[in-house]
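Secondary and tertiary structure notes
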Amino acid sequence: MSSSLAVEKGTNVSNIVDEDDDLDEEPGEEIESAPPLEVGEEREINNTGLKKKLLKYGHGWDTPEFGDEVTVHYVGTLLDGSKFDSSRDKGEPFTFKLGHDQYLTGLDHGIITMKKGEVSLFTLPSDLGYGTICGKEIPPNCDIRFEVEFVSWITVVDVCKDGGIIKKILEKGERNEQPSDLDEVIVKYEAMTVDGSVVAKTPEEGVEFYVKDAHFCPALPKAIKTMKRGEHVKLVVQSQYAFGEKGRDANNGFPAIPSNSVLNIDLKLISFKPVIDVTGDLKVLKKILKEGEGSHTANEGTPVSIRYTAKLEDGTVFEKKGFDGDLPLEFVTDEEQVIVGLDRAAATMKKGELSIVTIKQEYGFGSTEAKRDLAVVPPCSTVIYEVEMVDFTKEKAPWEMNNHEKIGTAEKKKEEGNTLFKSEKYQKAAKRYDKAVDYVTEDGSFGDDEQKLVKALRVSCWLNHAACCLKLNNFQEAIELCSKVLDVEFHNVKALYRRAQAYMKTAEFDLSELDIKKAFEVDPNNREVKSIHKTLKQLQSESNKRDAKLYTNMFARMSKDSAIVTKRLKVEKAEDAEKSIATLGGAGDELTMNGSSSHP
């Protein structure tokens, strides 16, 4: 940008301020948590010496960032009002990239505080303006002013942080959700080489594909994952994210893409269907066709009502529920009333949600044949359910309940856990005990008459949960749960007994013995404690024998190694001695020959 900025005579940007500004005014920008500027108010920005005076409010709350392309109208003047440049003289607003030395650095810092449509007057000290540089109309070391109307800006994003894919946002998208690798997207795009040749173009309605499939070129999925629904962008794609050195042959009526070509891609994300990895191993995938209501999902242990159509991969329908006068299927999640994949997916759904759930055999019907209402499901089949969550009974959260309800719910969860434990469903039982404790946490809300009952419930659930952990070989968690009990009941024999068991399993025999001794102090005749004590003694004895054998073998090896080393040293000494004698003998021969008084 030149140091001389001409301005149309008599033109002042402040003249464009609407007479009815007060009808649609919005709060001004905030600076360092200070109150928003009012029209006519002036304030220094960030202690830089740059001053900003608000002349007209902007719209919305968004402001640009360094790296964005901004479009402004400006009028540059000296402090006495003499004009030296104006974009209006040139007949069009000025567009430049913030923070790239295309404009005055000081003014960059002012513009990043502006909102679209805002008009402000900036006063720049000489060190933020032109400094010692002077021109025909600007003296050296001169403070200057710019009256700026912020017309618009384009957000510029370096997608891969290496300049390989530059994204310019032409139209912002809706909401904050962005696609992930698993999601199915519909996009519309046109790709061109730098000479303007169109090398790829989608139909008017766009094209549908999964992000992970890397449609067209590597740049496309990388850019799409940064976009929101409805977002429209321009991409500048360097060759390493396009078709590289190989280029691309002519394709579908479009010309070839030469080697190392840079591409310009006009891209719009029309919509996408989120795909959720329900089980975390890609074996139950849920593609959301229609979003449900609100933010609550069914969760585990919730009574739900669903309707669905179930198919094999070849499209054969083997089951339908909730259609043609048939009632929806009702069941409680996490109770094994339906196949695991459908159960787990239903627990993630909102009311009114419609999804396609693809279930691998491990979470479906397994390796056995399953006869269903409309067809047989062959062994090892992947099955596909189109499911709608008709309704579910949302369980009250603890904070929504009074104390009586909390205690009642905790007792119910505990009993559910006990039933599951007896059925050897230890993982599910553990979840119930953990959930029960959530309702009777020590938060001070319970009265004195309730504290005793609440404490007993917590202790009972912790102990039962610990028993589940022992069955599941989760010994460290069992130790932690028993320790919680002993923090409030240091003499609890069950907690000491179960913690001793866990310590034995982790080979911490000294700690196990300490817990057993404490248990004996409380209940000297406890049969279970006596039994575990006997087992501990056996384990300690076996451990001692192993240790003794280990050390014996270790010392034997050390002795053997020592003997070998000693023998080796002796051999090495003998060899060294022989070498020394040989060397000395050779030297003597040489001396004798050299010392001979007569030569041939």
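Reading the values: rules and limits
Residues numbered from 1 in each chain as written. Predicted model: local features only at pLDDT ≥ 70, side-chain atom pairs only at ≥ 80, totals over all residues. Heavy atoms only, no water. Helix = DSSP H or I, 4+ residues; strand = E, 2+ residues; numbered from the N terminus. Contact = heavy atoms within 4.5 Å. Salt bridge = Lys/Arg side-chain N within 4 Å of Asp/Glu carboxyl O. Buried < 20%, exposed > 50% of the residue type's maximum accessible area, 1.4 Å probe, protein only. Pairing = 2+ DSSP bridges. Polar contact = N/O pair within 3.5 Å; in protein donor to acceptor, adjacent residues only side chain to side chain. pLDDT = per-residue confidence, 0-100. Axes fitted to C-alpha atoms, helices over the stretch in contact; angles between N-to-C directions. Parallel < 35°, antiparallel > 145°, perpendicular 65-115°, else oblique. Left-handed = near helix turned anticlockwise from the far one by under 90°. Nonpolar A, V, L, I, M, F, W, Y, C, P; charged D, E, K, R; others polar. Phe/Tyr/Trp six-rings, centres within 6.5 Å; stacked < 30°, edge-to-face > 60°.

Quick look at the environment of Ala 410
Position of Ala 410 among the secondary structure elements: in helix H4 (residues 403-422). Residues Ala 410 and Arg 458, spaced 48 residues apart in sequence, show a C-alpha to C-alpha distance of 9.0 Å. If we skip the residues at most four places from it in the chain, Ala 410 touches Ala 436, Tyr 439, Val 440 and Leu 457.

Overview of the pattern of salt bridges
Tallied over the entire structure, the rule returns 35 salt bridges. Arg 432 is paired through a salt bridge with Asp 334; the nearest N and O atoms lie 3.3 Å apart. With Arg 432 in helix H5 (residues 426-439) and Asp 334 in the loop between strand S18 (329-332) and helix H3 (340-346), this pair connects stretches of sequence that are 98 residues apart. With a relative accessible area of 7%, Asp 334 lands in the buried category. A single network of salt bridges, built from pairs that share partners, joins Asp 334, Glu 335, Glu 416, Lys 428 and Arg 432.

Regarding the pairing of strand S16 (residues 303-312)
Summarising burial for S16: seven of the ten residues are buried, a large majority. Here S16 runs beside S18; their pairing, made up of four bridges, is antiparallel. Paired with Ser 305 across the strands is Glu 330, a residue of S18. Where S16 lies against strand S17 (residues 317-321), four bridges are found, and the strand directions are antiparallel. Across the sheet, the residue bridging to Thr 309 is Lys 320, located in S17. Here S16 folds back onto S17 in antiparallel fashion, the turn holding four residues, of which Gly 315 has a positive phi close to 95 degrees.

Here we look at the side chain of Arg 229
By secondary structure assignment, the location of Arg 229 is in the loop between helix H2 (219-224) and strand S12 (232-237). You can call Arg 229 buried: its relative accessible area is 16%. A distance of 3.0 Å separates the side chain of Arg 229 from the backbone oxygen of Phe 272, its partner in a polar contact. Setting aside its immediate chain neighbours within four residues, Arg 229 contacts Gly 173, Glu 174, Arg 175, Glu 177, Leu 269, Ile 270, Ser 271 and Phe 272.

Focus on the confidence of the model for the chain
The pLDDT averaged across the chain works out to 86; a share of 85% of its residues lies at or above 70. Between the elements of the chain, mean pLDDT differs from a low of 64, seen in helix H10 (residues 527-594), to a high of 98, seen in strand S19 (residues 354-359). Predicted confidence for residues 1-32 stays below pLDDT 50, and this span has 84 contacts to residues more than four positions away or in other chains. Scored below 50 in pLDDT, residues 580-600 makes zero contacts in the model with residues more than four places away or belonging to other chains.

Points about the packing of H5 against helix H6 (residues 448-471)
Contact pair H5 / H6: the axes reach a minimum separation of 9 Å and the direction vectors enclose 160 degrees. Between H5 and H6, the angle is such that the two are roughly antiparallel. Judged by the twist between their axes, the crossing of H5 over H6 is left-handed. Counted together, Tyr 426, Ala 429, Ala 430, Tyr 433, Asp 434, Ala 436 and Val 437 of H5 and Arg 458, Cys 461, Trp 462, Asn 464, His 465, Cys 468 and Lys 471 of H6 form the full contact between these two elements. For the contact of H5 with H6, a count of residues per class yields nine nonpolar, two polar and three charged.

With respect to the packing of aromatic side chains
Considering all chains together, one arrives at twelve aromatic pairs under this definition. Ring geometry for Phe 150 and Trp 153: centres 5.4 Å apart, planes at 15 degrees, overall stacked. On the numbers, 6.0 Å between centres and 85 degrees between planes, the contact of Phe 318 with Tyr 385 is edge-to-face. Taken together, the residues Phe 318 in strand S17 and Tyr 385 in strand S22 (residues 383-392) connect sequence positions 67 residues apart. No difference in accessibility class separates Phe 318 from Tyr 385, as the two residues are buried.

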